[in-house]
Amino acid sequence: MSKPHVLLGVTGCIAAYKAAEVLRALQKRGAEVRVVMTRQAAEFVGPATFRALADAPVGVGGFDDPQDAIPHIRAAEWADLLLVAPCTANVAAKLAHGIADDLLTSTALACTAPIMVAPAMNVHMYEAAATQANLAVLRERGVHVLDAESGYLACGEAGPGRLPEPAAVADAVLALLEGNGAGGDLAGRRVLVTAGPTVESVDAVRFLSNRSSGKMGYAVAEAAAARGADVTLVSGPVALDAPSGVHRVAVGTADEMLAAARAAFDGADVAVFAAAVADRRPARPVERKLKKGADDAALAAIELEPTPDVLATLAAGKQPGQFVVGFAAETDDVAANAARKLEAKGADMVVANDVSDGKAFGADDNEALLVTAAGVEPLPPMAKRALADVILDRAVAALAAG
Ligand code: CTP
């Protein structure tokens, strides 16, 4: 097999010297590495260092190579993965906003391969709302953001902001390449996951929702991405970060969830509906706040109407070769209710949970039954992340069987 191509982007901060070790660590793990540096990075470490280590030309700063008219496109096409390490706050901001004013940021914009960034900076710059918002934008778009490590920083302060050890950065790159390469059994597959609750407005301040934490759906999205899938996660409001490499679409209402899921469903090989969609919504939400006294009658009798069933609506248009998974949260007759949902909603498999006594909701583990047309398979208690892999194992087997 040919060596994976890692394009290493080096930006201007003191951790730039560690990029040379990152390069060596990647080479030791079998990668071919080329380097693009910002002009500021070259103030910290000379391009000659990287040229010698990579045994290849190094792009620095802007587009001033007389030999190559479109170096950013060529570099982007060459890369199996773009790693920006260290990534300054400034370059993270540019990447988040699509600013392409030098060779590295133009290459990143042109790059369709996976992108990983390893931020490194002063603790206050790292924790600044602007930086965290930019990193969140990158995560939402599927960029793999390595968390900075805590420790003593060059500025003399302690806290998060350090580049992780070069070996750890290289390991993360290789793990991602393997997940996206031949090693991942969902490589080249598209997976849609719905997760979290939906929220339906009563008035300007009140809403109807439920206790879904989103953990199960997020675990499925994370597992599918780790197995090489191109994952779209349609998520109601939850307190979880988008898993690395997953494209998250944030939604509020059941209608919004249906629209976003519909957009991803047609091209999906596997669709896992783990969201706890509100079954009913206020029939006449009001834009102002309902007041005690004046609006007592309206508050005492909020009329509800059904929401669309996202799973049933989309599964009705299921094509051969698509594998559709639903969940069933039940307090009684778990297997029988799940079998009914399998049939009624047109899913290929229903993952049934007993949610009596507060079980499953918000927990990290789960005891589930897999219900298919072939029967009921009880699973032992396991972490939601492990259950996610079992669900995907079944999906992979079904896709292989055609
Ligand atoms: N679901 C959906 N859209 C809805 C309701 C449910 O997509 N409006 C999906 C869920 O994501 C889940 C499955 O349907 O995969 C079953 O959800 P559950 O809440 O257990 O079932 P309900 O349809 O709400 O049925 P019931 O109230 O009878 O339990």
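Worth saying up front: this structure is predicted, and the values here are computed from it rather than measured.

Attention shifts here to the layout of surface pockets. Each pocket or cavity is described by its volume, and for the largest pocket that value is around 720 Å³. In terms of lining, the largest pocket is formed by 35 residues, of which the most central are A274, A275, A276, V277 and A329. Elements with a minimum of two residues in the lining of the largest pocket: α10 (215-226), α13 (310-315), β17 (323-330) and α14 (334-345). Looking at side-chain class alone, the lining of the largest pocket contains 17 nonpolar, 11 polar and 7 charged residues.

Let us now look at the packing of helix α4 (residues 71-78) against helix α6 (residues 103-110). At a minimum axis separation of 8 Å, α4 and α6 run at an interaxial angle of 50 degrees. The angle between the axes of α4 and α6 places the two elements in the oblique class. Two packed elements cross with a definite hand, and for α4 against α6 that hand is right-handed. Judged by residue contacts, P71, H72, I73, A75 and A76 of α4 engage L103, S106, T107 and A110 from α6.

What follows covers a nonpolar patch on the surface. Taken together, the side chains of I14, Y17 and F44 present a nonpolar region at the surface, about 320 Å² in accessible area. Considering the arrangement of structural elements, one finds I14 in the loop between β1 (5-10) and α1 (16-28).

Here α1 spans 19 Å end to end across 13 residues, near enough to the 18 Å set by a 1.5 Å rise per residue. Every buried residue of α1 is accounted for by A16, K18, A19, A20, V22, L23, A25 and L26. Two residues or fewer after α1 comes G30, characterised by a positive phi angle close to 95 degrees.

Attention shifts here to the site of the ligand. In the vicinity of the ligand lie 15 residues, with F273, A275, F327, K341 and K345 positioned nearest. Between an oxygen atom of the ligand and a side-chain N or O atom of D279, the distance comes to 3.0 Å. Using a 2 Å cut-off from the grid points, one finds that the ligand occupies the largest pocket. Contributing elements (two or more residues each) for the shell around the ligand: α13, β17 and α14.

This next bit is on the pairing of strand β14 (residues 270-273). Here β14 shows a buried face lined by V270 and V272 and a second buried face lined by A271 and F273. Pairing analysis gives 4 bridges linking strand β9 (residues 190-195) to β14, with the strands arranged parallel. By the bridge assignment for β14, V193 is matched with V272. Bridging between β14 and β17 involves 4 bridges; their strand directions are parallel. Its bridge partner lying in β17, V272 is registered against V325.

Over its 18 residues, helix α15 (residues 384-401) runs 26 Å from end to end, which matches the ideal 26 Å to within 8%, given 1.5 Å per residue. Turning to α15, its buried residues are K384, L387, A388, V390, I391, L392, A395, V396 and L399. Positive backbone phi, approximately 75 degrees, marks G402, located one or two places after α15.

Quick look at the environment of A374 now. Here A374 is to be found in the loop between β20 (368-372) and β21 (375-378). Residue classification places A374 among the exposed residues on the basis of a relative accessible area of 80%. In the structure, A374 is positioned 61 residues away from T313 in sequence and 23 Å away in space, judged by C-alpha atoms.

On to the environment of A79. With respect to the secondary-structure elements, A79 resides in the loop between α4 and β4 (81-87). Taking C-alpha positions, A79 is 60 Å from A298, a pair spaced 219 residues apart along the chain. For A79, the residues in contact, after removing those within four places along its chain, are H5, L7 and A113.

Turning to the pattern of salt bridges, a few remarks are in order. It is possible for side chains bearing opposite charge to pair when their charged atoms get close. The final tally for this structure, using the stated rule, is 22 salt bridges. Ionic pairing is found between R34 and E32, a salt bridge with its closest N-O pair at 4.0 Å. For E32, a relative accessible area of 31% translates into the label partly exposed. Here R288 and D295 are joined by a salt bridge, their closest N and O atoms 2.9 Å apart.

Definitions and cut-offs
Residues numbered from 1 in each chain as written. Predicted model: local features only at pLDDT ≥ 70, side-chain atom pairs only at ≥ 80, totals over all residues. Heavy atoms only, no water. 1 Å grid on protein atoms, 1.4 Å probe; cavity = no way out; pocket = protein on both sides within 12 Å on 5 of 7 lines; lining within 4 Å. Points joined across faces, edges and corners; volume = space filled by probe spheres on them. Helix = DSSP H or I, 4+ residues; strand = E, 2+ residues; numbered from the N terminus. Nonpolar A, V, L, I, M, F, W, Y, C, P; charged D, E, K, R; others polar. Axes fitted to C-alpha atoms, helices over the stretch in contact; angles between N-to-C directions. Parallel < 35°, antiparallel > 145°, perpendicular 65-115°, else oblique. Left-handed = near helix turned anticlockwise from the far one by under 90°. Contact = heavy atoms within 4.5 Å. Patch = residues over 30% accessible without salt bridge, like charges linked within 9 Å, V, L, I, M, F, W, Y side chains within 5 Å. Areas by Shrake-Rupley, 256 points an atom, 1.4 Å probe, with all protein chains shown as cover. Salt bridge = Lys/Arg side-chain N within 4 Å of Asp/Glu carboxyl O. Expected span 1.5 Å × (residues − 1). Buried < 20%, exposed > 50% of the residue type's maximum accessible area, 1.4 Å probe, protein only. Near = heavy atom within 4 Å. Polar contact = N/O pair within 3.5 Å; in protein donor to acceptor, adjacent residues only side chain to side chain. Sits in = over half its atoms within 2 Å of the grid points. Pairing = 2+ DSSP bridges.

All we've got here are geometric facts, nothing functional implied.
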